[in-house]
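# Residue-level structure breakdown
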Amino acid sequence: MTTTREAAAAGLPRGLYLLTDAALCGDRGLDDCVRDALAGGARIVQYRDKGNDADRRLAEASRLRALCHEAGATFIVNDDAGLAANCGADGVHVGRDDADPGALRRRYGADLLIGVSCYDSVDLARAAIAAGVDYVAFGSAYPSPTKPRAVRASLALYRTAAGELGVPVVAIGGITADNLAPLAAAGCHAVAVVSGVLAAPDVRAAAAAMTAAFEAAATPAPSGRDAAAESAPNR
């Protein structure tokens, strides 16, 4: 097991990136769903919760961080860098209406991975990379049941981003085991999924199917920061 700082230095793992949604887990519970997704091959988990109960969110995030680290996976917190730091997360992911990534980098240095949503804009990604982010996400790749009004990112955009930006590229939105192959083949470093795993009756099997589909279609990791992330040791 490595420390959070070592994980941040190693970079973002390659493969299945799970985004949490407690409502989709229902009676199964978020912890058990995340545990099953990790057993199925999820390499990254992002904790998403917009609730106002800070104590509950810290306790929940801390439990999920422990599960991820036990499984050798990376744990990211959505939007809230303070929560990420307090729970020992490996990183934080922000959107255009959240904290400035440059300010986050200045405050946390190399201690946190920083990812940014760039929607359908390579220019937005270039600006984020100049500010010091570790990876960029584009989407929606396909129509998304989670965010039906999200802008769409084309397959050509993913190819351009993966070929030119020099940091890991994550695809998000409407991704399933049946449609992820073109994204992996285009050079995406990871595919981010919510309902494609958590809404499945068997979370572990759904994660395993997506992991297998990604590995079958993925292009080799390029040199540079992506290659460093690919070779990161498990915790």
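Just above, that's the structure.
First things first, this report covers the structure right here in the doc. (Residues numbered from 1 in each chain as written. Predicted model: local features only at pLDDT ≥ 70, side-chain atom pairs only at ≥ 80, totals over all residues. Heavy atoms only, no water.)

Before going further, it helps to spend a moment on the layout of surface pockets. The space that makes up the largest pocket amounts to roughly 750 Å³. What lines the largest pocket is a set of 40 residues, among which Leu19, Arg48, Ser117, Lys147 and Ile172 lie closest to the centre. At the level of secondary structure, the elements contributing two or more residues to the lining of the largest pocket comprise strand S1 (15-19), strand S4 (91-94), strand S6 (135-138), strand S7 (169-172), strand S8 (190-193) and helix H10 (195-198). A per-element tally of the lining of the largest pocket places S6 first, with three residues. Classifying every residue of the lining of the largest pocket by side-chain character gives 17 nonpolar, 14 polar and nine charged. (1 Å grid on protein atoms, 1.4 Å probe; cavity = no way out; pocket = protein on both sides within 12 Å on 5 of 7 lines; lining within 4 Å. Points joined across faces, edges and corners; volume = space filled by probe spheres on them. Helix = DSSP H or I, 4+ residues; strand = E, 2+ residues; numbered from the N terminus. Nonpolar A, V, L, I, M, F, W, Y, C, P; charged D, E, K, R; others polar.)

Before going further, it helps to spend a moment on the pattern of salt bridges. Under the defined criterion, the tally for this structure stands at nine salt bridges. Arg63 is the partner of Asp31 in a salt bridge, and the nearest nitrogen-oxygen pair spans 2.7 Å. Of the two residues, Asp31 is situated in helix H3 (residues 30-39) and Arg63 in helix H4 (residues 54-70); the sequence distance between them amounts to 32 residues. Across the salt bridge formed by Arg56 and Asp49, the nearest N and O atoms sit 3.0 Å from each other. With relative accessibility at 33%, the residue Arg56 sits in the partly exposed group. Each member of the salt-bridge network shares a partner with another, and the members are Asp49, Arg56, Arg57, Glu60 and Asp80. (Salt bridge = Lys/Arg side-chain N within 4 Å of Asp/Glu carboxyl O. Buried < 20%, exposed > 50% of the residue type's maximum accessible area, 1.4 Å probe, protein only.)

Another point: the nonpolar core. In terms of nonpolar packing, the biggest core is built from 63 residues, with Phe75, Val136, Phe138, Tyr158, Ile175 and Val197 touching the most fellow members. Among residues more than four places away in sequence, those in contact with Tyr158 are Phe138, Gly139, Ser140, Ala141, Ala153, Val169, Val170, Ala171, Ile172, Leu183, Ala186 and Cys188. In this structure, Ile44, Tyr135, Ala137 and Ala190 belong to the second largest nonpolar core, which totals 12 residues. (Core = buried A, V, L, I, M, F, W, Y, C linked by side-chain atoms within 4.5 Å. Contact = heavy atoms within 4.5 Å.)

Let's shift gears to H4. For H4, with 17 residues, the first-to-last C-alpha span of 24 Å sits near the 24 Å given by 1.5 Å per residue. The complete set of buried residues in H4 reads Arg57, Glu60, Ala61, Leu64, Leu67, Cys68 and His69. At the N-terminal boundary of H4, the capping side chain belongs to Asp53, with an oxygen 3.3 Å from the backbone nitrogen of Asp55. Backbone geometry just downstream of H4 places Gly72 in the positive-phi region, at approximately 75 degrees. (Expected span 1.5 Å × (residues − 1). Polar contact = N/O pair within 3.5 Å; in protein donor to acceptor, adjacent residues only side chain to side chain.)

Considering all chains together, one arrives at zero disulfides under this definition. In this model Cys33 remains outside any disulfide bridge; the closest cysteine sulfur is found in Cys25, 3.2 Å from its own. The closest cysteine sulfur to the non-disulfide-bonded Cys87 is located on Cys68, 9.8 Å from its own sulfur. (Disulfide = S-S within 2.5 Å.)

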